[in-house]
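# Structural features, examined
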Amino acid sequence: MTSVNIGGTAEPGVGVTQTKYYTGCEPPNQLRLEAGDKLGPITVAYETYGQLNKDKSNAILAVHAFTGDAHAAGIDPETKLPGWWEFMIGPGRAFDTNKYFVICQNNLGGCRGTTGPSSINPKTGKRYGLTFPMITLGDIVTVQRLLLDHLGIEKLLCVAGGSMAGMIALQWVASTPERVKSAIPISTVLKHSPQQIAFNEVGRQAIMSDPAWRKGDYYDHGQPERGLALARMIGHITYMSEESMETKFSRKQTKAEFLHKFTPDFEVESYLQYRGSNFVKRFDANSYLYLSKAMDNFDLAGNKLFPAGRPVTTRFLVLASASDWLYPSHQTLDIVKLLKERHADAVYCEIPSTYGHDAFLIKNEEQIRLVRSFLETTYNGR
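Residues take numbers from 1 onward in each chain, read along the sequence in its written order. Residue-level local features of this predicted model are given only where pLDDT is at least 70; pairs of side-chain atoms are given and counted only at 80 or more, and the full residue set underlies all totals for whole chains, interfaces and linings. Where side-chain values are given, they derive from all heavy atoms of the structure, hydrogens and water being excluded.

Pairing of aromatic rings covers Phe, Tyr and Trp, the last through its six-membered ring, and needs centres within 6.5 Å; plane angles under 30 degrees mean stacked, over 60 mean edge-to-face, and all others mean tilted. A full pass over the atoms with the stated rule returns 13 aromatic pairs. Judged by centre distance (5.3 Å) and plane angle (40°), the ring pair of tryptophan 85 and phenylalanine 95 falls under tilted. Separated by 10 residues along the polypeptide, tryptophan 85 in the loop between strand E7 (59-62) and strand E8 (89-90) and phenylalanine 95 in strand E9 (residues 95-96) bring together distant segments of the chain. Note on phenylalanine 95: relative accessible area 0%, which makes it buried. Numbering of helices and strands runs from the N terminus; a helix is a DSSP stretch of H or I covering at least four residues, while a strand is a stretch of E covering at least two. Only protein chains enter the area calculation, which uses a 1.4 Å probe; residues under 20% of their type maximum are buried, those over 50% are exposed, and those in between are partly exposed.

What follows covers the environment of lysine 304. With respect to the helices and strands, the residue lysine 304 is situated in the loop between helix H7 (285-297) and strand E15 (315-321). Sequence separation of lysine 304 and histidine 236 is 68 residues, and the distance between their C-alpha atoms is 30 Å. Within polar-contact distance, the side chain of lysine 304 engages the side chain of aspartate 299 at 2.8 Å. Polar contacts here mean pairs of N or O atoms no more than 3.5 Å apart (in protein, one a potential hydrogen donor and the other a potential acceptor; neighbouring residues in sequence count only if both atoms are side-chain atoms).

The next point concerns the pattern of salt bridges. Think of a salt bridge as a Lys or Arg side-chain nitrogen and an Asp or Glu carboxyl oxygen that are within 4 Å of each other. Taken as a whole and assessed by the stated rule, the structure comprises 10 salt bridges. Among the ionic pairs, glutamate 86 bridges to arginine 93, the shortest N-O distance being 3.1 Å. Arginine 93 shares its class with glutamate 86; the two are buried. A salt bridge links lysine 99 to glutamate 376; the nearest nitrogen and oxygen atoms lie 3.4 Å apart. Of the two residues, lysine 99 sits in the loop between E9 and strand E10 (101-105) while glutamate 376 sits in helix H9 (residues 365-380), which places them 277 residues apart along the sequence.

Criterion for a disulfide: a pair of cysteine sulfur atoms at a distance within 2.5 Å. Scanning all chains against the criterion turns up zero disulfides. We note that cysteine 111 lacks a disulfide partner, and the nearest cysteine sulfur, in cysteine 104, lies 14 Å from it. Between cysteine 349, a free cysteine, and cysteine 158, which holds the nearest cysteine sulfur, the sulfur-to-sulfur gap is 16 Å.

Bringing the pairing of E15 into the picture now. Counted residue by residue, E15 has seven buried out of seven residues, so it is predominantly covered. In the sheet, strand E14 (residues 182-186) pairs with E15 via three bridges, with the strands oriented parallel. The residue bridging serine 182 from the neighbouring strand is arginine 315, located in E15. Criterion used throughout: strands pair if DSSP finds at least two bridges between them. As judged from the six bridges shared by E15 and strand E16 (residues 346-351), these two strands associate in the parallel manner.

For strand E13 (residues 158-162), the tally of buried residues reaches five of five residues, placing the bulk of the element in the interior. The alternating pattern of E13 places Cys158, Ala160 and Gly162 on one face and Val159 and Gly161 on the opposite face, and all of these are buried. Here E7 pairs with E13 via three bridges, running parallel. Considered in E13, the bridge of isoleucine 60 is made with cysteine 158. Where E13 lies against E14, four bridges are found, and the strand directions are parallel. Considered in E14, the bridge of valine 159 is made with alanine 183. A crossover counts as right-handed when, viewed with the strands pointing away from the observer, the path leading from the first strand over the helix to the second turns clockwise. In this region the chain leaves E13, passes through helix H2 (residues 164-175) and returns to the parallel neighbour E14; the handedness of that crossover is right-handed.

Attention shifts here to H7. In an α-helix, one full turn covers 3.6 residues, which means residues spaced three or four apart are oriented alike. Residue count minus one, scaled by 1.5 Å, sets the expected span of a helix. Counted at 1.5 Å a residue, the expected span for H7 with its 13 residues is 18 Å, and the 19 Å between its end C-alpha atoms agrees. Among the 13 residues in H7, 11 count as buried, and that is most of the element. Along H7, the residues that are buried comprise Ala285, Asn286, Ser287, Tyr288, Leu289, Tyr290, Leu291, Ser292, Ala294, Met295 and Asp296. Among the structural elements, helix H1 (137-151), H2, helix H3 (194-208), helix H4 (225-239) and helix H6 (267-279) are those in contact with the buried residues of H7. With a side-chain oxygen lying 3.3 Å from the backbone nitrogen of asparagine 286, the N-terminal cap of H7 falls on aspartate 284. Residue contacts are defined here by distance: any two heavy atoms, one from each residue, within 4.5 Å place the two residues in contact.

Another aspect to go through is the side chain of serine 321. Summarising the element assignment, serine 321 is placed in strand E15. The exposure class of serine 321 is buried, given its relative accessible area of 3%. Reaching out from serine 321, the side chain makes a polar contact with the backbone oxygen of glycine 356 at a distance of 3.1 Å. Ignoring sequence-local partners within four residues, the contact set of serine 321 consists of Ser187, Glu350, Ile351, Ser353, Gly356 and Ala359.

Ranked by internal contacts, the top residues of the largest apolar core, which has 74 residues, are Leu108, Val159, Trp172, Leu305 and Phe316. In this structure, valine 159 is in contact with Leu61, Val63, Ala169, Trp172, Val180, Ser182, Ala183 and Ile184, ignoring residues within four places of it in sequence. In terms of nonpolar packing, the next biggest core, distinct from the first, is built from 32 residues, Leu370, Val371, Phe374 and Tyr379 among them. Within this scheme, the nonpolar core is defined by two criteria: the residues are buried Ala, Val, Leu, Ile, Met, Phe, Trp, Tyr or Cys, and they are joined through side-chain atoms within 4.5 Å.

Structure below.
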């Protein structure tokens, strides 16, 4: 069993987890994507924690961010690594698995078990590459609903996640509000700003400029590692804050004297290179392109989240990080403003953190307390 210290006591975690798989949309019943293409069959990798109650009213969908996966909690039996939201999911934690049934699935277009560009196209026997159709966050939500249908879950107690996952939580409400009792969008936006699109485009160009990318047909030759690593380095800078970088690295040098060559003289340089080189071992370059583009095309501003005349029945807990400069809190407040205009049951809190955009992935007692309280109120009032 894993354990994490919450409120001064060590609480056991969910233990060793198992990734499960579901395949649907078999021909001729392929999924019709928002762009008009058909896709199928579709395999979904997912993990579950806790037990589904008799009336299936305690299900929570924990959605992973851009480059995450289905392993949200517990210990992976192969890598021995804890889940990306380990401190949030488990007995006695914010997403209390003594009460709730928590589901996390790898998103459509990813590369960690769910159908994406690196999957085999059954029509050709080869990997999709750039023949994989363009997808939207709406398509990702549709595939998530297909898994819930397979599990017999008609309505979620909550859908929660940060960054891209926060957009997906909002998309759930926009697409099928009758299936979502509450939502916890964290450090997210209604649509990308030009600056946010620009950061993503630089990352995409880093990948596509690598000769090893081979116009997306690199699977028999190896990843475009340099381009993908550079894209990750660029992205990682935006995930941290100036204060967290100063605290972690300052201007510490890797050696006593400057080398006066183009090698890492500073610890921050070595760190970024380390993050980039590790990233290429677990993530597919084409998935990076497809998912980043899906985020850029996402837009629920105006009346797109709540069409005129439709009542708002979903409860909201909207969270932001005070030090997030990639998705600054004023954009999160645009969500809150829209909710208040529609008289939604919504609570907003800005978490005091120095960790920047990644703050929701780092243990924070206030985030734990807020989420736990919100879920208890929602569940007990069902």
